[in-house]
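# Topology and contacts: notes
The chain contents come next:
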Amino acid sequence: MSGVQTLTIGSEDDGMRLDRWLRRLYPNVTQGRIEKMCRKGELRVDGGRVKSNHRLEPGMNVRVPPIPDASIPAPAPVRTRVSDADTKMIQACVIYKDDHVIVLNKPSGLPVQGGSKLTKHVDGLSEALKFGYDEKPRLVHRLDKDTSGVLVLARTAEAARKLTASFRHRETRKIYWALVAGVPQPYMGTIKYGLVKAHGHGKDGEGEKMYCVHPREVATTEGAKRAETNYSVLWRLGQRAAWVGLEPITGRTHQLRAHMAELGHPIIGDGKYGGSSQENMGDGWGAQIGGDVSRKLHLHARMLRVEHPGTGNILELIAPLPDHMAQSWENFQWDVNSVRKDPFDLDEPL
């Protein structure tokens with residue numbers, strides 16, 4: 001058994017949850033044990049009590065209590081039975097599969113991981129994605145619950161290690177599509193507002209909202225992090241709404257949603273950042289256009305390019321629009337094939 005340790009978080013672990021970070025170091029430690037250590041104050045960050053989902057930042061010092069030796073076998077994981085209906089649903093989401101990775105087109109409304117009020121999520125449903133392997137595939141990155149699109153899972157520990165490193169060091173290219181209120185001006189630009197978390201309790205128990213901070217004030221605002229998003233207007237519906245391509249240069253919580261709201265063009269269907277009471281250039285509709293346009297969040301992880309963990313080649317993944325966004329695109333007579341896969345690469349042919 002190890003003694004008490006104080007470990008400093010490096011830049012490679014920026015944004016990682018405390019429980020996931022600890023389980024990576026000590027795979028035999030159960031989630032229940034981690035929760036207990038947090039409740040008793042045995043596991044601390046910078047001397048303070050924290051919850052297991054606390055996000056780590058470079059330079060933080062984590063006090064780790066004595067941990068059982070790795071030689072002690074971990075309890076057998078509890079296998080959650082996935083219903084036939086859920087098995088059919090999650091397997092229908094698979095858009096790519098090989099010996100190393102499984103890629104989903106994650107539906108809007110399905111969380112990636114569980115929480116106190118979340119019983120159905122990708123991590124649990126991945127029991128139905130083993131396809132002959134002994135272990136379920138591993139998550140290597142995240143999408144918000146209401147964001148649809150490309151989600152990569154690793155089928156082996158080695159693939160997980162390589163993919164996690166690629167995402168952590170931003171050796172990937174991500175393109176999102178969104179429907180926003182109004183039309184951003186200029187039609188292409190970069191948003192550089194920092195983001196700071198304000199704690200609270202939403203109706204879905206999300207418990208947090210990100211607020212934008214002027215780039216000049218990031219260094220002097222406690223808890224603020226630098227954030228950067230490229231945007232490009234792809235098609236317009238007069239001055240009422242726009243189809244935009246988004247590229248997150250950094251990967252902060254709710255970054256795209258907060259940045260577009262700060263620009264005055266909240267994403268349609270965003271009840272957290274685009275409420276009708278918010279001042280914006282969409283004439284105050286906030287998250288709703290009305291008519292036949294769905295009130296679901298219109299944000300979709302459309303394209304991902306990442307180095308394949310087995311071959312080393314670039315793997316390009318494209319996810320079709322979810323039904324509610326496809327319906328909006330049909331209403332506006334927008335053709336998904338009329339724009340570049342990467343709207344920021346002007347040399348790429350249409």
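See the structure above.
Here's what I pulled together on the structure shown here. Residue positions are given per chain, counted from 1 along the sequence in the order it is written. Under the rules for a predicted model, residues below a pLDDT of 70 receive no local features and side-chain atom pairs below 80 are neither given nor counted, while totals for whole chains, interfaces and linings still include all residues. Values reported for side chains reflect all heavy atoms of the structure, with hydrogen atoms and water molecules removed beforehand.

## With respect to empty space enclosed by the protein
Residues are called lining when one of their atoms sits within 4 Å of a cavity or pocket point, these points coming from a 1 Å grid over the protein atoms alone, where a cavity is a set in which a 1.4 Å probe fits but cannot get out and a pocket is an open set with protein on both sides within 12 Å along at least five of seven lines. Grid points are joined across faces, edges and corners, and a volume is the space filled by probe spheres set on the points. Here the structure, examined in full by the defined rule, presents one cavity of 30 Å³ or more. Estimated volume of the largest cavity: approximately 60 Å³. Lining the largest cavity are His-141, Leu-143, Val-150, Phe-167, Lys-174, Tyr-176, Ala-301, Met-303 and Leu-304. Secondary structure elements are taken from DSSP: a helix is a run of H or I of four residues or more, a strand is a run of E of two residues or more, and numbering for both begins at the N terminus. Elements represented by at least two residues in the lining of the largest cavity include exactly strand S9 (172–181) and strand S15 (299–307). In terms of residue count, S15 provides more of the lining of the largest cavity than any other element does, three residues in total. Only Asp, Glu, Lys and Arg are considered charged, only Ala, Val, Leu, Ile, Met, Phe, Trp, Tyr, Cys and Pro nonpolar, and every remaining residue, Gly among them, polar. A class-by-class count of the residues in the lining of the largest cavity yields seven nonpolar, one polar and one charged.

## Describing the pattern of salt bridges
When a carboxyl oxygen of Asp or Glu is within 4 Å of a side-chain nitrogen of Lys or Arg, the pair counts as a salt bridge. Scanning all chains against the criterion turns up 19 salt bridges. Lys-225 is the salt-bridge partner of Glu-57, the closest N and O atoms lying 3.9 Å from each other. With Glu-57 in the loop between strand S3 (48–49) and strand S4 (61–64) and Lys-225 in the loop between strand S12 (208–213) and strand S13 (229–237), this pair connects stretches of sequence that are 168 residues apart. Linking Glu-158 and Lys-162 is a salt bridge whose minimum nitrogen-to-oxygen distance equals 3.8 Å. One end of the pair is Glu-158 and the other is Lys-162, both in helix H5 (residues 157–168) and four residues apart, which spans about a single turn.

## Description of H5
Multiplying one less than the number of residues by 1.5 Å gives the expected span of a helix. For H5, which comprises 12 residues, the first-to-last C-alpha distance of 16 Å matches the rise-based estimate of 16 Å (1.5 Å per residue) to within 8%. Within the sequence span of H5, burial applies to Ala-159, Ala-160, Leu-163, Ser-166 and Phe-167. One side of H5 carries all its buried residues, which in axial view fall inside an arc of 130°. Tucked into the core, H5 has its buried residues touching strand S6 (101–106), strand S7 (138–139), strand S8 (148–154), S9 and S15. Of the residues flanking the end of H5, it is Arg-170, one or two places downstream, whose phi is positive at about 60°. Each residue is assigned to one of three classes by its accessible area relative to the maximum for its type, calculated with a 1.4 Å probe on protein chains only: buried under 20%, partly exposed between the two thresholds, exposed over 50%. Within this analysis, the arc is defined by the directions that extend from the helix axis to the C-beta atoms. The contact criterion used is simple: two residues touch if any of their non-hydrogen atoms lie within 4.5 Å.

## A short note on the pairing of S15
For S15, the buried fraction is high: eight of the nine residues fall into the buried class. With two bridges joining them, S8 and S15 adopt parallel strand pairing. Its bridge partner being in S15, Ser-148 is matched across the sheet by His-300. Sheet analysis places S9 next to S15, joined by seven bridges and oriented antiparallel. In the sheet register, Thr-172 faces S15, and the bridge partner there is Val-306. If DSSP finds at least two bridges between two strands, the strands pair. Inspection of the sheet shows S15 paired to strand S16 (residues 314–318) by five bridges, in the antiparallel sense. Each residue of the ladder has a partner; that of Met-303, found in S16, is Ile-318. In this structure, the hairpin formed by S15 and S16 is closed by a connection of six residues, where Gly-312 is found at a positive phi of approximately 85°.

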